[in-house]
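The primary structure of each chain is shown beneath.
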Amino acid sequence: MGNLQVTEYTKSIEIYEQKIRNVTLKVEAMEKTSVSYSDLDFQLVKLEIVEMERLVTQLKSTLTGSNIVVEQLYEEIRNLSLMVAELESLDKNNILAIRREVVALRDKLKDCERDRNYTGSSGSSNAPHFPPGSCNHGGILNISQPYVIQLNWRGFSYKYGAWGRDYSPLTPEEDLFWVAPLNPDGRYLEYYRLYRSYDDLLLYKNAKESRVQYGEGSGTTVYKNYMYFNAHGSRDMSKLDLNTNTVVLRKTLPGAAYNNRFSYAGVSWQDMDFTADENGLWVIYSTEASMGNIVISRLNETTLEVLDTWQTKQYKPSVSNAFIVCGVLYAIRPLNTRKEEIFYTYDTNTGKEGRISIIIDKVMETIQSINYSPGDQKLYVYNDAYLLSYNLFFQPFPLL
């Protein structure tokens, strides 16, 4: 890293070092109040502080020989962690103001980490920028570290579920974040929430909560203001209008295995995994005829008719999850309790399978679902009750 980049990082760090000091002052002030915090809020803030510690630790290694400011930043974060722990022991409440400051600080760290990904030696140093919605690239090159958004609103017991950001090619700038935890049995989808802004999502405010009877599994997705999920106990696909919370269409997916026949490894009841990309709506599943291997079908979003189908040679129960970007399926598998690997691809554009190795760091042990959003080229991951997001980096087409 050059001297100019070091200087830029130092200036940025000095700015949000002051942000940490402001949060510290607010924490100290709130120590004198008489309100009481929820356990969920405390656990979330502690997890976010741990994430900031991790990012700063990475920056320390990047800025070798010029890391005095980073060391100070690290100490400020550690002090903030201690103060939050003290507040928790006093059992006080309403930490939203502090969360807002922590989120702002974390966003600054995310920007710094993103720059480090582009300028460091992580494999994305020469990754060019491809605008959202574009498929003029050669596929995924690398993935960022996880960004911990929050614990799902229902709590730690709701370890299964899905979440994401809606994508409509006609209005890509509009925000609609959705969170759909399953009931604690890990099977039934009964409640979901919608948020019209990222800030509302972060602060658990202005949520529209609805009930549906019933979805099954963590394979839910949202595309163009409709939610798609497996109707419980069947091989039927359901299409739910989010404006009215009404199932407007229910259609059988021909030959699809169901009732937990060929779910992902470590995740039950995800026989159907709906996903959306730049090309439209897809479903990932298996059939008895495919002997449990992954089948990919592109769907007509209006009628849920199957437009095209591709048979792969990858056994679905040996995969922990999958997603599709620009018509290419990416399958992952666990390496250990903190890392997954994108190891398999199937390109529906060419009908070719491939093997790659891209490591995904995770916060908790099991990934229940992955949703890709073409609008911001991010993965939205449900990880043992926590909502994570990742930036994707793409590579150019290989030279002929």
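Residues numbered from 1 in each chain as written. Predicted model: local features only at pLDDT ≥ 70, side-chain atom pairs only at ≥ 80, totals over all residues. Heavy atoms only, no water.

This paragraph deals with the overall build of the protein. Helix and strand counts for the protein stand at five helices and 20 strands. Of all 400 residues assigned to the protein, the portion counted as buried reaches 56%. Pairs at least 24 residues apart make up 59% of the contacts formed inside the protein by residues separated by at least 6 positions. Summed over all atoms, the accessible surface of the protein reaches about 16400 Å², with 49% contributed by carbon and sulfur. (Helix = DSSP H or I, 4+ residues; strand = E, 2+ residues; numbered from the N terminus. Buried < 20%, exposed > 50% of the residue type's maximum accessible area, 1.4 Å probe, protein only. Contact = heavy atoms within 4.5 Å. Areas by Shrake-Rupley, 256 points an atom, 1.4 Å probe, with all protein chains shown as cover.)

Glancing now at the environment of Arg 355. Inspection of the secondary structure puts Arg 355 in strand S17 (residues 352-361). Separated by ten residues in sequence, Arg 355 and Thr 345 have C-alpha atoms that sit 6.2 Å apart. Ignoring any residue separated from it by four or fewer positions in sequence, one finds Arg 355 in contact with Gln 314, Phe 343, Tyr 344 and Thr 345.

If you walk through the whole model with that rule in mind, you get 14 salt bridges. In this structure, Asp 376 engages Arg 165 in a salt bridge whose closest nitrogen and oxygen atoms are separated by 3.0 Å. With Asp 376 in the loop between strand S18 (367-373) and strand S19 (378-383) and Arg 165 in strand S3 (residues 161-165), this residue pair connects regions lying 211 residues apart in the sequence. Arg 165 gets classed as buried once you look at its relative accessible area, which sits at 13%. The network of salt bridges with common partners includes Arg 165, Asp 175 and Asp 376. (Salt bridge = Lys/Arg side-chain N within 4 Å of Asp/Glu carboxyl O.)

Right, let's get into the pairing of strand S12 (residues 293-299). Burial runs high along S12: six of the seven residues are buried. The pairing of strand S11 (residues 280-285) with S12 spans five bridges and is antiparallel. When the bridges of S12 are listed, Leu 281 appears paired with Leu 299. Note that S12 and strand S13 (residues 306-315) share six bridges and pair antiparallel. (Pairing = 2+ DSSP bridges.)

Turning next to the state of the cysteines. Inspection of every chain in the model, using the stated rule, returns one disulfide. One disulfide in the model links Cys 135 with Cys 326; its S-S distance is 2.1 Å. Judged by the sign of its S-S torsion, about -95°, the cystine formed by Cys 135 and Cys 326 is left-handed. You can see Cys 135 sitting in the loop between helix H4 (96-119) and strand S1 (140-143) and its partner Cys 326 sitting in the loop between strand S14 (321-325) and strand S15 (328-336), a full 191 residues away along the chain. Using a relative accessible area of 8% as the deciding quantity, one classes Cys 326 as buried. (Disulfide = S-S within 2.5 Å.)

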